[in-house]
Amino acid sequence: MTHHLHQLKPGGTVALDEIPTRGEEYCADRDQAENDFKRLRKELCDWQSRLYASEDQKLLVVLQALDAGGKDGTIRRVFQGVNPQGVRVTSFKSPTRRELKHDYLWRIHQAVPAAGMIGVFNRSHYEDVLAVRVHEIVPEAVWRPRYEQINHFESLLNETGTKIVKIFLHISKQEQKKRFEERLQIPEKNWKFSHEDLEKRKYWDDYQNAFQEMLERCTTDAAPWHVIPADQKWYRNMAVAHLLVTTLREMDPQYPSAPAGLDDVVVD
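In short, a report on the structure. Fair warning: this is a prediction, and the values are worked out from it, not measured in the lab.

**Remarks on a positive patch on the surface**
Stage number 1. Judged by side-chain charge, Lys38, Arg76, Arg77 and Lys233 come together as a positively charged surface patch.
Stage number 2. If you trace the backbone, Arg76 turns up in helix 2 (residues 71-78).
Stage number 3. You can call Arg76 exposed: its relative accessible area is 55%.

Next up, the structure:
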């Protein structure tokens, strides 16, 4: 399997403050990156058609980030033009009363992609070792075993035909501040602003620690994490599209063979 530029290795330590959040550290030419992105997005549409037609593999894309990290924007831009029939986006909010009556993976398992589909998780099962940990919603004795449980869950998905691509959109504290200010200043973005976001910003260091441990403990051979620099949207979009296209090239879904006897068919 090709090792992607931003892919973590299993068993390694992760220091988020040492990983760049700006894409220009990897690519100095924005125009080139934007051209590459358009080409990659076109190729993504083609692969998605093949995946949907072949109905024998599944692709799950997991997106995690801090608030204002760019999850919504990434989904909107990268999947623009892809046939909506073949992509299902699930946004995981706080669990409902019904969901809380089950184990924490119950609602997740129901949303994993079916054969031929791309499933995109906007937040995911990882909230159960992130928000739950930082805000002490459950005791450590409850959330700590979840790293291993999640690895087993992802292993099950992988062994039953689901390719998993996990993406952490890595932004700086300064960039988050800028994006929150935009939500206050630009009328079309006002709806995105929440006082809760500012409350969570006070927990920046706690979240960074929680993300670091998540990345370390849940990077496996079957489902490694990718840390994508996300301060600059033009680089983020290109890097995510490149990762997805590279993955689909390896999966290599093919259109099914045509039924026999098509040459003799006449449409009246």
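**Some remarks on the packing of aromatic side chains**
Aromatic ring pairs are reported here in terms of the distance separating the ring centres and the angle at which the planes meet.
Stage number 1. Tallying each qualifying case throughout the model produces 7 aromatic pairs.
Stage number 2. Between Tyr126 and Trp225, the aromatic rings sit 4.9 Å apart at their centres with planes inclined by 70°, giving edge-to-face as the arrangement. One end of the pair, Tyr126, is in the loop between strand 3 (118-122) and helix 5 (131-134); the other, Trp225, is in strand 5 (residues 225-229), and 99 residues separate them in sequence. For the pair formed by Tyr126 and Trp225, the shared burial category is buried.
Stage number 3. Relative to Phe211, the ring of Phe168 has its centre 4.5 Å away and its plane inclined at 40°; by these criteria the two rings are tilted. Remark: Phe211 occurs in helix 10 (residues 204-217) and Phe168 occurs in strand 4 (residues 162-170); sequence separation between them is 43 residues.
Stage number 4. Phe168 gets classed as buried once you look at its relative accessible area, which sits at 1%.
Stage number 5. Aromatic ring contacts, followed pair by pair, group Tyr26, Trp234 and Tyr235 into a single cluster.

**A few points about unusual backbone geometry**
Stage number 1. Its identity as a non-glycine residue notwithstanding, Ala68 has a phi of 70°, on the positive side.
Stage number 2. With respect to the helices and strands, Ala68 occurs in the loop between strand 1 (58-65) and helix 2.
Stage number 3. Here Glu136, not a glycine, exhibits a phi torsion of approximately 50°, which is positive.
Stage number 4. Assignment of secondary structure puts Glu136 in the loop between helix 5 and helix 6 (140-143).
Stage number 5. Of the residues examined, Glu136 reaches a relative accessible area of 68% and is grouped as exposed.

Parameters and conventions
Residue positions are given per chain, counting from 1 as you read along its sequence in written order. Local features in a predicted model are, by the rule used here, given only for residues with pLDDT of at least 70; side-chain atom pairs are given and counted only at 80 or more, and totals for whole chains, interfaces and linings are based on all residues. For side-chain calculations, the full set of non-hydrogen atoms in the structure is used, while hydrogens and water are omitted. Each patch is assembled from residues with relative accessible area greater than 30% and no salt bridge, linking like charges that lie within 9 Å and nonpolar side chains (Val, Leu, Ile, Met, Phe, Trp, Tyr) that lie within 5 Å. Each accessible area is a Shrake-Rupley estimate made with a 1.4 Å probe; only the visible protein chains count as cover when residues are assessed. Any Lys or Arg side-chain nitrogen located within 4 Å of an Asp or Glu carboxyl oxygen qualifies as a salt bridge. Positive charges are assigned to Lys and Arg, negative charges to Asp and Glu, while His and the chain termini are left out of the count. Where a charge sits is defined by one atom per residue type, namely NZ (Lys), CZ (Arg), CG (Asp) or CD (Glu). Put simply, DSSP H or I for four residues or longer makes a helix, DSSP E for two residues or longer makes a strand, and each gets a number counted from the N terminus. Note on classification: 1.4 Å probe, protein chains only; a residue is buried when its accessible area is under 20% of the maximum for its type, exposed when over 50%, partly exposed between these limits. Two aromatic rings, drawn from Phe, Tyr or Trp (for Trp, its six-membered ring), form a pair once their centres lie within 6.5 Å of each other, and the interplanar angle then sorts them: stacked below 30 degrees, edge-to-face above 60, tilted otherwise.

Honestly, it's all geometry; don't read function into it.
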